[in-house]
Amino acid sequence: MSNIELNSLNVAKFGGTSVANFAAMQNCANIIKNNPNTRVVVVSASAGVTNLLVDIAHTAMSKDQIKQKLVEIKTIQYAILNELANSEEVAEKLESLLASLTDLALHEEIIHSADLKDSLLSHGERMSSLLFSAVLKQIDVNAENFDVRNVLKTDSEFGKATPQLEAIKAAAEQIMLPSLVNTVFVTQGFIGSDEQGNTTTLGRGGSDFTAALLAEALGAISCEIWTDVIGVYTTDPRITDAARPLPELSFEEAAEMATFGAKVLHPATMEPALRQDIKVFVGSSREPEKGGTWIVRDCETEPAYRAITRRKEQVMVTVKTPKMMYAQGFLQKVFTIIAKHKLSVDLVTTSEISVAFTLDNPANSVVEQLNRATLEELSQFCDVLVEDNYDLVTVVGNNMHSEAGVSNRIFDAVAEYNLRMICYGANPHNLSLLVNASASNDVVTSLHKALFE
Ligand code: ADP
Ligand code: ASP
Ligand code: MG
């Protein structure tokens, strides 16, 4: 393997389906071998493993049920181990990870302790990175399985930790940078460690964010997100067959898409890319020859409509106080409470005596717990109405606020649906509609037809 100039460093991230089994891992290994600039590899847990771990961490289960989930995890990981040549050393390390996982899974406090939960969840990425580094070694790549917790420093907000950028940069430069000339580090996405050395996690889908953070800390020029689709599409290809891959996207468009539900990228992925002008590529590890989407600062085109996203499981909260008309500071009070719980609000509308806003609410998530605490606090000084079963559909584009007719085409396309809330004008890249969850597939499909087909 040749040495590289470190000014052309690439970080490559492989998602769950890309490291789901031995054959999938082999595709990824070849992608890495074909690009000598790739010296940092970030992997997710093998497909299905994090979901099983989340079940164990969040659901009250009998010991037998937990053991059954552990068997499922072990089966996924052993299927990969068994395909490896010279697997003894790896087998020993995998056994030890499975042993600590079993201890945590059967720990009496697991459902009640946020830090134990994160330790438990970290095992998915720790196992997949161990196995994947062995696959790379098998094709003569000088790979080293690296514990990202030595570098990826976060606060102690378990389940939704915030990265500490300066500490990450200092640690990455000290521990990783000197070895990059001749080593490919294979490390874990999604996990980190706090100041006390406790394991933390960045939130579901966080491995994309890890890759971008490491790219930033190490001064990489590109970051590749290898997944199960050949790029970012005009909308989720699972919603309509008419969706098509986009050759390019701007940082702003991609950030908007990720924030508003395009699961292909974790919402925070674009932050480091934007700060350091790192080009981000999205492509399929199964079909790398098909190319993918390049996300860059300046695109060749700036179309009014670029893509449509959908975010499921939204709740709409209406807070109402008869005193609002005269009570200055009501909005401030409401948003202070929301900020205290670190929730982000997407849509907001106000009327004379009430304010309505939406919150994300994925079941069994840290966010769901925060929502509950927030609503309780709000109800101490105003009437709170919570409505659920909504999805948020967003059209992402450019200069939407300043071109005539942009919203008309959108509203014409969804004329037959009930729009519970609309948000438009706060930024040039987005028009969002809150619609009944049962109608959101049709809303996206109609919009796609009107705007892209
Ligand atoms: P990984 O495990 O590789 O991180 P994810 O499942 O998190 O993969 O993300 C890939 C999935 O994102 C795709 O299979 C697709 O269904 C979904 N997706 C949602 N919106 C889009 C979009 N606009 N373009 C491409 N994929 C999208
Ligand atoms: N394994 C984690 C998850 O499933 C992180 C990731 O895949 O990005 O959420
Ligand atoms: Mg993902």
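Predicted model, so just to flag it, every value in this text is computed and none were measured. (Residues numbered from 1 in each chain as written. Chains lettered and ligands numbered in written order. Predicted model: local features only at pLDDT ≥ 70, side-chain atom pairs only at ≥ 80, totals over all residues. Heavy atoms only, no water.)

### Section: the overall build of the protein
- The number of helices and strands found in the protein is 13 helices and 16 strands.
- The C-alpha radius of gyration computed for the protein amounts to 23 Å, which stays within 12% of the reference 22 Å derived for 453 residues, consistent with globular compactness.
- When the backbone C-alpha atoms are referred to their principal axes, the protein occupies close to 70 × 55 × 40 Å.
- Here the protein holds 453 residues, and the buried ones make up 53% of them. (Helix = DSSP H or I, 4+ residues; strand = E, 2+ residues; numbered from the N terminus. Rg over C-alpha atoms; globule rule 2.2 N^0.38 Å. Buried < 20%, exposed > 50% of the residue type's maximum accessible area, 1.4 Å probe, protein only.)

### Thoughts on helix α4 (residues 88-105)
- Given a rise of 1.5 Å per residue, 18 residues ought to cover 26 Å, and the 25 Å separating the end C-alpha atoms of α4 matches this to within 8%.
- Among all positions of α4, only Val90, Leu94, Leu97, Leu98, Leu101, Leu104 and Ala105 are buried. Along the long axis of α4, the arc covered by the buried residues comes to 120 degrees, so they all point the same way. The exposed residues of α4 that point more than 90 degrees off its buried face are Glu88, Glu89, Glu92 and Asp103.
- Lining the buried residues of α4 we find α2 (49-58), α3 (63-81) and α5 (114-138). (Expected span 1.5 Å × (residues − 1). Arc of directions from axis to C-beta. Contact = heavy atoms within 4.5 Å.)

### Brief notes about the sheet that holds strand β8 (residues 248-250)
- Within the open sheet, the eight strands sit side by side as β3-β4-β2-β1-β7-β9-β10-β8. Their pairing is mixed. Each end of this open sheet is capped by a strand with a single partner; those strands are β3 (143-146) and β8. Averaged over all adjacent pairs, the angle separating strand axes in this sheet is 20 degrees, with direction ignored.
- Bridging between strand β1 (residues 10-14) and strand β7 (residues 222-227) involves five bridges; their strand directions are parallel. Across the sheet, the residue bridging to Lys13 is Ile225, located in β7.
- Sheet contacts for α5: β2 (38-43), β3 and β4 (184-188); angle to β4, the most-contacted strand, approximately 160 degrees. (Pairing = 2+ DSSP bridges. Axes fitted to C-alpha atoms, helices over the stretch in contact; angles between N-to-C directions.)

### Notes on unusual backbone geometry
- Notably, Asp140 is not glycine yet its phi reads approximately 65 degrees, a positive angle.
- Topologically, Asp140 is positioned in the loop between α5 and β3.
- Even without being a glycine, Asn399 presents a positive backbone phi close to 50 degrees.
- Following the sequence through the fold, Asn399 ends up in the loop between β14 (383-396) and α12 (406-413).
- Assessed through its relative accessible area of 28%, Asn399 is described here as partly exposed.

### Remarks on the side chain of Glu125
- Among the secondary structure elements, Glu125 is positioned in helix α5.
- One buried charged side chain, Glu125, makes no salt bridge at all; its nearest oppositely charged neighbour is Arg204, positioned 7.7 Å away.
- Apart from the residues within four sequence positions on either side, Glu125 is in contact with Val43, Ser44, Ala45, Thr50, Gln188, Gly189, Phe190 and Ser207. (Lys, Arg positive; Asp, Glu negative; His and termini not counted. Salt bridge = Lys/Arg side-chain N within 4 Å of Asp/Glu carboxyl O.)

### Describing the packing of α3 against α5
- At a minimum axis distance of 10 Å, the contact between α3 and α5 shows a crossing angle of 10 degrees. When the axes of α3 and α5 are compared, the pair comes out roughly parallel. Judged by residue contacts, Ile73, Gln77, Ile80 and Leu81 of α3 engage Gly124, Met127, Ser128 and Leu131 from α5.
- Of the residues that constitute the contact of α3 with α5, the class distribution is five nonpolar, three polar and no charged. (Parallel < 35°, antiparallel > 145°, perpendicular 65-115°, else oblique. Nonpolar A, V, L, I, M, F, W, Y, C, P; charged D, E, K, R; others polar.)

### What to know about the site of ligand 1
- The immediate surroundings of ligand 1 are formed by 17 residues, with Thr227, Asp228, Tyr233, Arg238 and Lys263 found nearest.
- Here Arg238 contributes a side-chain N or O atom positioned 2.8 Å from an oxygen atom of ligand 1.
- With respect to ligand 1, the backbone of Val264 contributes an N or O atom lying 3.4 Å from an oxygen atom.
- Bound to the protein, ligand 1 loses 90% of the 570 Å² it would expose on its own. (Near = heavy atom within 4 Å. Polar contact = N/O pair within 3.5 Å; in protein donor to acceptor, adjacent residues only side chain to side chain. Areas by Shrake-Rupley, 256 points an atom, 1.4 Å probe, with all protein chains shown as cover.)

### Points about the sheet that holds strand β11 (residues 307-320)
- Strand order in the open sheet made by the six strands is β12-β13-β11-β14-β16-β15, with antiparallel pairing throughout. The open sheet has two free edges, formed respectively by β12 (348-350) and β15 (419-424), since each of these has just one partner strand. Taken over all neighbouring pairs, the strand axes of this sheet differ in orientation by 25 degrees on average, direction set aside.
- Packed on one face of the sheet, α12 meets β14, β15 and β16 (430-436) and runs near 15 degrees to β16.

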